[in-house]
Amino acid sequence: MIPFIDLATQQKRIRPQIEAAMVRILDHGAYIMGPEVYALEAQLSSFCGAQHTLSCSNGTDALTLVLRAKNVGPGDAVFLPSFTFAATAGVVALIGATVIFIDVLPDTFNIDPMSLVKGIEKAKALGLHPSGVIPVDLFGQAADYDALTPIAEKHGLWVMADAAQSFGGTYKGRKVGTLAETTTTSFFPAKPLGCYGDGGAVFTENSALLNILQSLRIHGQGNEDKYKNIRIGMNGRMDTLQAAILIEKLALFPEELTLRQTVADRYSQGLADVATTPFVAQECQSTWAQYTLKIDPAKRKDIMEELKKEEIPSVIYYPLPLHHQQAYKHYPCATSTLPVSEELANCVLSLPMHPYLDEETQDRIIKTFCEVLTRVNTKFQSKG
Ligand SMILES: *Cc1c(COP(=O)(O)O)cnc(C)c1O
């Protein structure tokens, strides 16, 4: 089977550096909040241009830290796209606020500003306080922040960008990490920039908020005296070992982003005639966390099975929009149905995507995809 994501090739490039970094940490012994943690935070800030970076335990905790810092809780409505990974909604539900599901746009798959306006009206009609919005930069492309920010400002909403998939990308020449008051990301191994375990970060321009986040990350400790607990916090730190791994991976990241773009361009050239290839807005650069096609929903299952027979993996991100998931279906939606989220769940298909996908392997994937599609089409025609 061709790997869907290949982490081994990258590791070969930096294995000696990673081993040396591990040895340094074994020697200095600062496993928690060691010097590598602070070095990584400084490097991430300079990479994306954010004023402040707070590393943390994972991308989910990054979202929670910001929600806690903003005192979001019961009675608050938080708006987020239904077509996303469950963590974006889970954090809101866990702190007792109300999730309001918003529809997405059919081309970028990102939150639809018009649907957000309807969601805000819906929240007010339900007697909830519209608190904030979590745009998700799905599959690596930033949401349309220039359209979202004026809506948020008009209604007094905070904006937290869930950039778990898009860190490294750009939007109209600005880097992801600086597009909202706060941005969160994940360093889960399969993300475009991943460590060898769990990790995450918050980026912010707001120094006062940074102080609160630092305290919340370590049990709500005081900024002066760590045994004075001035708020209820979390254990939300990133391990020193993971920070050291990320420092080595960050060094390769700019080159890998270029390689990802090359892979995406080759896919789109090879597949544009047979499927709806991804749309990236002008002046935006995706990190290509996923390369996702739109295909005929009736044929998707057959196509996936045929690809598998040819040892080509394909994955559905995401098979069910969150407003139809058992755990979330009781939360309100902006409108009675969210037609785009519902349609996308039926027609998306993601293909193997990573910086080290060589041309030969990729050509085989493209050629096989086209052949499989012809076979499945013939089968459907003969069925009438
Ligand atoms: C991966 C992901 C998260 C969660 O990140 P973890 O590090 O796994 O907790 C949140 N939101 C989105 C959109 C993600 O893709």
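Everything below is about the structure printed above this text.
Just so you know, these numbers come straight off a predicted model, no measurement behind them. Per-chain numbering applies: the sequence of each chain, read as written, is numbered from 1 onward. Given that this is a predicted model, residues contribute local features only at a pLDDT of at least 70 and side-chain atom pairs are listed and counted only at 80 or more, while totals for whole chains, interfaces and linings are drawn from all residues. To get the side-chain values, all heavy atoms of the structure are used, and hydrogens and water are removed first.

Novice: Could you clarify how one ought to interpret the environment of A289 in this entry?
Specialist: Helix and strand labels come from DSSP, where a helix needs a run of H or I of at least four residues and a strand needs a run of E of at least two; each type is numbered from the N terminus. Mapping A289 onto the fold places it in the loop between β10 (284-285) and β11 (291-294). Sequence-wise, A289 and A190 are 99 residues apart; in three dimensions their C-alpha atoms are separated by 8.4 Å. Only heavy atoms enter the contact rule, under which two residues are in contact if any of them lie within 4.5 Å. Not counting the four nearest positions on each side in its chain, A289 is found in contact with F139, G140, Q165, P192 and R260.

Novice: Would you take a moment to explain the sheet that holds strand β7 (residues 174-175) for this structure?
Specialist: Note: strands within a sheet are paired through backbone hydrogen bonds, in either parallel or antiparallel orientation. Overall, antiparallel pairing links the 3 strands, which are arranged β7-β6-β10 in an open sheet. With one partner strand each, in any of the chains shown, β7 and β10 form the two edges of the open sheet. By definition, two strands form a pair when at least two bridges between them are found by DSSP. Of the strand pairs in this sheet, strand β6 (residues 170-171) and β7 are connected by 2 bridges, and their pairing is antiparallel. Considered in β7, the bridge of T170 is made with K175.

Novice: Could you clarify how one ought to interpret the sheet that holds strand β4 (residues 129-133) in this entry?
Specialist: The strand order across the open sheet built from 7 strands is β1-β9-β8-β5-β4-β2-β3, with neighbouring strands paired in mixed fashion. If you trace the sheet from one side to the other, it starts and ends with β1 (52-56) and β3 (98-102), each paired once. This sheet shows a mean twist of 25° between the axes of neighbouring strands, independent of strand direction. Two elements, β4 and strand β5 (residues 158-162), share 2 bridges in a ladder whose sense is parallel. Here an axis means a line fitted to C-alpha atoms, over the contact stretch when the element is a helix, while the angle between two N-to-C directions is reported on a 0 to 180 degree scale.

Novice: Honestly, unusual backbone geometry in this entry has me stumped. Any pointers?
Specialist: With the exception of glycine, the majority of residues adopt a negative phi angle, and the majority of peptide bonds are in the trans configuration. The omega torsion across Y317 and Y318 is 5°, close enough to zero to call that bond cis. Here Y318 shows up in the loop between α9 (300-309) and α10 (339-347). With a phi angle near 60°, F139 is a residue other than glycine that sits in the positive phi range. A 1.4 Å probe rolled over the protein chains alone gives each residue an accessible area, and that area as a share of the maximum for its type sets the label: buried under 20%, exposed over 50%, partly exposed in between. Among the residues examined, F139 registers a relative accessible area of 6% and is labelled buried. Positive phi outside glycine occurs at W288, with the angle close to 55°.

That is the geometry; function is a separate question.
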